[in-house]
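# Structural overview
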Amino acid sequence: DVKVTQSSRYLVKRTGEKVFLECVQDMDHENMFWYRQDPGLGLRLIYFSYDVKMKEKGDIPEGYSVSREKKERFSLILESASTNQTSMYLCASTQIPRSGYEQYFGPGTRLTVT
Amino acid sequence: AQTVTQSQPEMSVQEAETVTLSCTYDTSESDYYLFWYKQPPSRQMILVIRQEAYKQQNATENRFSVNFQKAAKSFSLKISDSQLGDAAMYFCAYRLNTPLVFGKGTRLSVIA
């Protein structure tokens, strides 16, 4: 089974802190994604990566950055956390994005910024 | 840009009954993929069913089936014999050459 894991299920940080959200997949997928999920807004794409050291902006990249140093790991970084970044963050991976291949999701990290 | 619309923020169904969740999308392409994902409370998002646009036959997976109307750009999900475990957020999604584009979701409640 594909497994996508995220470093924390719940995280509480203070405004202005630098926050790292880690995601690891164990199926050798080249493609990884970070989404933000908010009630009434669905899932919105923050960043994605098609290969190591490669990144592409999604729909809402402002205030975020990412790092992909190894194929299995994709990190989301909040350079200076703000209260409007309180949300559920979902990581996902897939074998081939331009296809009907399933996109597998991690369990999510619920981040609260106070 | 492609958009996906789920017009029902919340729905409910009696156990053992049938419910249909609506989804429409906007695209000028002819060959793409559509998905329904399920997110149970506090649990991981999982794939329910997928449809390839060039296939006219509607996809089915056990109690789950879709009504794919390509000309109308409609992709509804039918859940038959609803069970308590079907209670979840359901997301419709579209893919062409980009990451999945999701609708805002429909929260389904199942009443015992």
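The coordinates are above.
I will try to describe carefully the structure that is included in this document. As a convention, each chain's residues are numbered from 1 in the sequence order in which they are written. Here the convention is simple: chains get letters from A, ligands get numbers from 1, in the order in which they are written. For this predicted model, a pLDDT threshold of at least 70 governs which residues receive local features, and a threshold of 80 or more governs which side-chain atom pairs are given and counted, while totals over whole chains, interfaces and linings are taken from all residues. In computing side-chain values, all of the structure's heavy atoms are included and hydrogens and water are not.

Bringing the interface of chain A and chain B into the picture now. Every residue pair with non-hydrogen atoms within 4.5 Å of one another is taken to be in contact. The interface is formed by 25 residues belonging to chain A together with 19 residues belonging to chain B. Summed over both partners, the interface of chain A with chain B comes to about 1,700 Å²; 51% of that surface belongs to carbon and sulfur atoms. Basic side-chain nitrogens of Lys or Arg form a salt bridge, by our definition, when they fall within 4 Å of a carboxyl oxygen of Asp or Glu. Here chain A is connected to chain B by 0 salt bridges. As used in this structure description, the phrase polar contact means that two N or O atoms lie within 3.5 Å; if the pair is within protein, one of them must be able to donate a hydrogen and the other to accept it, and residues adjacent in sequence are counted only when both atoms belong to side chains. Counting every contact that joins chain A to chain B gives 6 residue pairs in polar contact (both at pLDDT 80 or more). Among the elements that make up the side of chain A that touches chain B, the one with the highest residue count is strand S5 (residues 42–49) of chain A (4 residues). The buried area of a pairing is the accessible area, by a 1.4 Å probe, that goes missing from both parts when the two are put together, added over both. Each helix corresponds to a stretch of at least 4 residues labelled H or I by DSSP, and each strand to a stretch of at least 2 residues labelled E; elements are numbered beginning at the N terminus.

Another aspect to go through is the pattern of salt bridges. Counted according to the given criterion, the structure contains 9 salt bridges over all chains. Here A:Asp38 ties to A:Arg36 by a salt bridge, and the two come within 2.8 Å at their closest N and O atoms. When a residue's accessible area, from a 1.4 Å probe over protein chains only, is under 20% of the maximum for its type it is buried; when over 50% it is exposed; and in between it is partly exposed. The exposure class of A:Asp38 is buried, given its relative accessible area of 12%. Put simply, B:Lys55 and B:Glu52 hold a salt bridge, and the shortest N to O gap is 3.4 Å. You can call B:Lys55 partly exposed: its relative accessible area is 42%. Via salt bridges that share partners, A:Arg36, A:Asp38 and A:Arg44 belong to a single interconnected network.

This part covers the sheet that holds strand S7 (residues 64–70) of chain A. Residue and element names in this part refer to chain A. Between any two strands, pairing holds if DSSP finds at least two bridges. Pairing in this open sheet of 4 strands is antiparallel, and the strands run S1-S3-S8-S7 from one edge to the other. For this open sheet the edge positions go to strand S1 (4–6) and S7, each flanked by a neighbour on one side alone. Averaged over all neighbouring strand pairs, the angle between strand axes comes to 20°, with direction disregarded. Where strand S3 (residues 19–25) lies against strand S8 (residues 73–78), 6 bridges are found, and the strand directions are antiparallel. By the bridge assignment, Phe 20 is partnered in S8 with Ile 77. Note on geometry: axes are C-alpha line fits, over the in-contact stretch for helices, and angles between N-to-C directions span 0 to 180 degrees.

In globular proteins that are soluble, nonpolar side chains generally tend to be buried together. All names here are of chain B. To form a nonpolar core, buried Ala, Val, Leu, Ile, Met, Phe, Trp, Tyr and Cys residues must be joined to one another through side-chain atoms within 4.5 Å. Grouped together as the largest cluster of nonpolar side chains are 26 residues, with contacts concentrated most on Tyr 25, Tyr 32, Trp 36, Phe 75, Leu 77 and Tyr 90. Elements with a contribution of two residues or more to this core: strand S3 (19–21), strand S5 (33–39), strand S6 (46–52), strand S8 (64–69), strand S9 (74–79), strand S10 (88–95) and strand S12 (106–111). Among the elements that take part in this core, S10 stands out by supplying 4 residues, more than any other. When residues no more than four places from it in sequence are discounted, the contact partners of Tyr 32 are Tyr 25, Thr 27, Gln 51, Glu 52, Ala 53, Phe 68, Lys 70, Tyr 94, Arg 95 and Leu 96.

Time to look at the side chain of A:Ser75. Residues and elements named next belong to chain A. Looking at the secondary structure, you find Ser 75 in strand S8. In this structure the side chain of Ser 75 is engaged in a polar contact, spanning 2.5 Å, whose partner is the side chain of Glu 22. Excluding residues that lie within four positions of it along the chain, Ser 75 makes contacts with Leu 21, Glu 22, Trp 34, Ser 65, Val 66 and Ser 67.

This part covers the packing of aromatic side chains. Under the pairing criterion, centres of Phe, Tyr and Trp rings, with the six-membered ring standing for Trp, must be within 6.5 Å; the plane angle then separates stacked pairs below 30 degrees from edge-to-face pairs above 60, leaving the rest tilted. Scanning the model with the defined rule gives 16 aromatic pairs over all chains in all. Aromatic pair A:Phe33 and A:Tyr35: ring centres 6.4 Å apart, planes at 35°, arrangement tilted. Residue A:Phe33 shares its accessibility class with A:Tyr35, and that shared class is buried. Chaining the aromatic ring pairs together yields one cluster made of A:Phe33, A:Tyr35, A:Phe48, A:Tyr50, A:Phe105, B:Phe35, B:Tyr37, B:Phe91 and B:Phe102.

Here we take up unusual backbone geometry. The phi torsion at A:Lys53 lies on the positive side, around 65°, for a residue other than glycine. With respect to the secondary-structure elements, A:Lys53 resides in the loop between S5 and strand S6 (56–57).

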